[in-house]
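Results of the structural survey
Single-letter residue listing:
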Amino acid sequence: YGATKLIAEKYIQIFDQKYDLPTLIFRFCRIRDSKKEDVVTKFTRQVLNNEKIVFFDNGKQIFDFVDINDVIRADILGVTSKIRNEAINISSGQGVSVNEILRMIMEFAKKERVDLEYKKVDLKEFIPEHYFCPQKMILDVRKAKRLLNFSPKTAMADSIKATVLCFLKQTKNG
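Residues numbered from 1 in each chain as written. Predicted model: local features only at pLDDT ≥ 70, side-chain atom pairs only at ≥ 80, totals over all residues. Heavy atoms only, no water.

Here we look at the pattern of salt bridges
- Per the stated rule, a full pass over the model turns up 11 salt bridges.
- Residues E100 and R103 are paired through a salt bridge, measuring 2.6 Å at the closest nitrogen-oxygen approach. Of this pair, E100 and R103 both sit in helix α4 (residues 98-109), 3 residues apart, roughly one helical turn.
- You can call E100 partly exposed: its relative accessible area is 30%. (Salt bridge = Lys/Arg side-chain N within 4 Å of Asp/Glu carboxyl O. Helix = DSSP H or I, 4+ residues; strand = E, 2+ residues; numbered from the N terminus. Buried < 20%, exposed > 50% of the residue type's maximum accessible area, 1.4 Å probe, protein only.)

Side note on helix α7 (residues 156-173)
- An ideal rise of 1.5 Å per residue puts 26 Å on 18 residues; α7 measures up with 26 Å between its terminal C-alpha atoms.
- Here α7 has its buried residues at M156, S159, I160, T163, V164, C166 and F167. For α7, the buried positions fall inside an angular range of 155° around the axis, keeping them on one side. In α7, the exposed positions angled more than 90 degrees off the buried face are occupied by K169, K172 and N173.
- Residues of α7 that are buried sit in contact with β2 (30-32), α2 (39-48), β4 (62-67), β6 (95-97) and α4. (Expected span 1.5 Å × (residues − 1). Arc of directions from axis to C-beta. Contact = heavy atoms within 4.5 Å.)

Some remarks on the side chain of S159
- Of note, S159 is situated in helix α7.
- We classify S159 as buried; its relative accessible area is 4%.
- Sequence-distant contacts of S159, that is, excluding residues within four places in its chain, are made with R32, D67 and T154.

Points about a nonpolar patch on the surface
- On the surface, I7, Y11, I14, F15, Y19 and L21 cluster together to form a nonpolar patch covering roughly 640 Å² of accessible area.
- Looking at the secondary structure, you find F15 in helix α1 (residues 2-19).
- Note on F15: relative accessible area 42%, which makes it partly exposed. (Patch = residues over 30% accessible without salt bridge, like charges linked within 9 Å, V, L, I, M, F, W, Y side chains within 5 Å. Areas by Shrake-Rupley, 256 points an atom, 1.4 Å probe, with all protein chains shown as cover.)

Here's the deal with the sheet that holds β2
- Pairing in this open sheet of 3 strands is mixed, and the strands run β2-β4-β6 from one edge to the other. Strands at the two margins of the open sheet, each flanked by one partner only, are β2 and β6. When strand polarity is set aside, the average angle formed by the axes of neighbouring strands in this sheet is 55°.
- Where β2 meets β4, 3 bridges bridge the pair, whose relative direction is parallel. Residue R30 lies in a different strand from β4, and its bridge partner there is F65.
- Each of β4 and β6 touches α4; the most contacted strand, β6, lies at about 75° to it. (Pairing = 2+ DSSP bridges. Axes fitted to C-alpha atoms, helices over the stretch in contact; angles between N-to-C directions.)

Following this line, the structure appears as structure tokens:
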């Protein structure tokens, strides 16, 4: 997966040079949106509905998320800049564990307990696309800061809180 992305980036950079086609490559991490289905929305729904939550491993896996509003801002900075022929990571540059995500959801939902089960599975067999899934993935955003003056503004806690509030509002409105 990573090798094919790198090859595609190289092709894009060659087109930039050969055909004078201005390019800028953004490598996005996990993009967060309170209305998009992801681990946060899934756990929020399960917490609010008092459903069992199953962690396939120990919950210590760390991921880097970036809020959709920060992605939009980075895109605007990119298309309005004179920077070209670069590959730039766009993320929060900070990691959060699956356990921490659940803890924040419970805090914002004002839930003290959840039915939580940890299942040890071989992710390669259970979810084939997770074969190369690292236990910790945090992107380096220094290049985005240096070239585009981009720094994420939305903290993961704020993104999770927005998701919980969105679900609570939907529940209240019916």
